[in-house]
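Geometric and topological summary
For reference, the chains in residue letters:
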Amino acid sequence: MRSEHIRHIAALGSSYAAGPGIEPIADQRAHRSSRNYPHLLAERLGAALTDLTVSGATTETITSTPQRLMFRTIAPQLDGLPTDADLVTITVGGNDLHYIGSMVRLGLAGRFSSHPLTRPLGAVLKRRGVPRPSEDDIDRAAAGLARVVEEVRGRAKGARVVLVDYLTVVGPDTSYGRATPFDAATLDDFRRLGGHVADVFARAATRSDAELVAMGQLSRDHALGSPQSWVTGLPERLSGSRLMGAFHPNSAGMQAVADAIADHL
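Residues numbered from 1 in each chain as written. Predicted model: local features only at pLDDT ≥ 70, side-chain atom pairs only at ≥ 80, totals over all residues. Heavy atoms only, no water.

Notes on the overall build of the protein
Scanning the protein for helices and strands turns up ten helices and nine strands. What you see for the protein is a C-alpha radius of gyration of 18 Å, in line with the 18 Å of a compact globule of 265 residues. For the protein, the proportion of its 265 residues judged to be buried stands at 57%. If you take every contact in the protein between residues at least 6 apart in sequence, the share linking residues at least 24 apart comes to 72%. Within the structure as shown, the protein displays about 11700 Å² of accessible surface, and the carbon and sulfur contribution to it stands at 51%. (Helix = DSSP H or I, 4+ residues; strand = E, 2+ residues; numbered from the N terminus. Rg over C-alpha atoms; globule rule 2.2 N^0.38 Å. Buried < 20%, exposed > 50% of the residue type's maximum accessible area, 1.4 Å probe, protein only. Contact = heavy atoms within 4.5 Å. Areas by Shrake-Rupley, 256 points an atom, 1.4 Å probe, with all protein chains shown as cover.)

Written as structure tokens, this is what we have:
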């Protein structure tokens, strides 16, 4: 199916698709922006959009398990998938490996550790370190993502299904700083973990024969510390809304993802 024949897009995924922290907000409870890549792509293609993305989603909360958000329960995203969708984009799997959540936690630990009054809290947050998923963990996440693809095909039988990888956060130019308060070893660990997330998408694409837009590779030169970063670092003010968007795509990153998908199509 060519891009000019796409009339209805459905988007599934976690915060890397939802766009927390990017104004204007479409759904405050889901931390979903109206300028995320699904919206930008729909505008570019002149298509209708059903945006089901929810920050914090995992492969299970897309397929089968209701997602808890404070005092709200959200049904599995697949429950809202329109059967007439021409294109379904999927960005999920990082939370299965505790990727960005651990980056926020250790970013706070690094920031708190620089002040005597908050240093004890920083030490507590550092205890668990960067997750080190096993081969089974990575394979399980890939299997979960492949299952999302299979379930989508069963419900929206005529749709193209495109997996959209996570943008690179810690790249070759990323170093210690106020927005990236990680020592060299922690930065290396996050580079490794980001590689595992990319591997989840590659494995799922192979298993399910889904199309893949490998944003991890395409954004390698736009990580934190690069001249034109497509992601945010830890904000100076650690308020709730600002913190939700830490280590996530910024507006330029969302535009880059939408453009990459359109080019792929």
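A few points about unusual backbone geometry
In the segment running from E23 into P24, the intervening peptide bond is cis, with an omega of -5°. The residue P24 is located in the loop between α1 (15-18) and β2 (25-27) in this model. For D209, which is not glycine, the phi torsion reads 60° and is therefore positive. By the element assignment, D209 lies in the loop between α7 (184-208) and β9 (211-213). The phi angle at F247 is positive, at roughly 60°, despite the residue not being glycine. Take F247: it is sitting in the loop between α9 (240-244) and α10 (251-264).

Section: the sheet that holds strand β4 (residues 48-51)
Pairing within the open sheet is parallel, and its five strands lie in the order β4-β1-β7-β8-β9. This sheet does not close on itself; its edge strands, each paired only once, are β4 and β9. Strand-to-strand twist across the sheet, computed as the mean angle between neighbouring axes with direction ignored, equals 25°. Across four bridges, strand β7 (residues 87-91) lies against strand β8 (residues 160-164) in parallel orientation. When the sheet's bridge partners are listed, L87 is paired in β8 with R160. Against the sheet, α7 engages β7, β8 and β9, with an angle of about 160° to β8. (Pairing = 2+ DSSP bridges. Axes fitted to C-alpha atoms, helices over the stretch in contact; angles between N-to-C directions.)

Points about the nonpolar core
L12, V88, I90, V152, L163, V169 and F247 are the most contacted members of the largest nonpolar core, which totals 77 residues. Sequence-distant contacts of L163, that is, excluding residues within four places in its chain, are made with I90, L145, V149, F201, A204, A205, A210, E211, L212 and V213. (Core = buried A, V, L, I, M, F, W, Y, C linked by side-chain atoms within 4.5 Å.)

As for the pairing of β7
Across the five residues that make up β7, a large majority, five, are buried. Residue alternation in β7 divides its side chains into two sets, L87, T89 and T91 and V88 and I90, and both sets are buried. Judged from the five bridges that link them, strand β1 (residues 8-13) and β7 form a sheet pairing that is parallel. When the sheet's bridge partners are listed, I9 is paired in β7 with L87.

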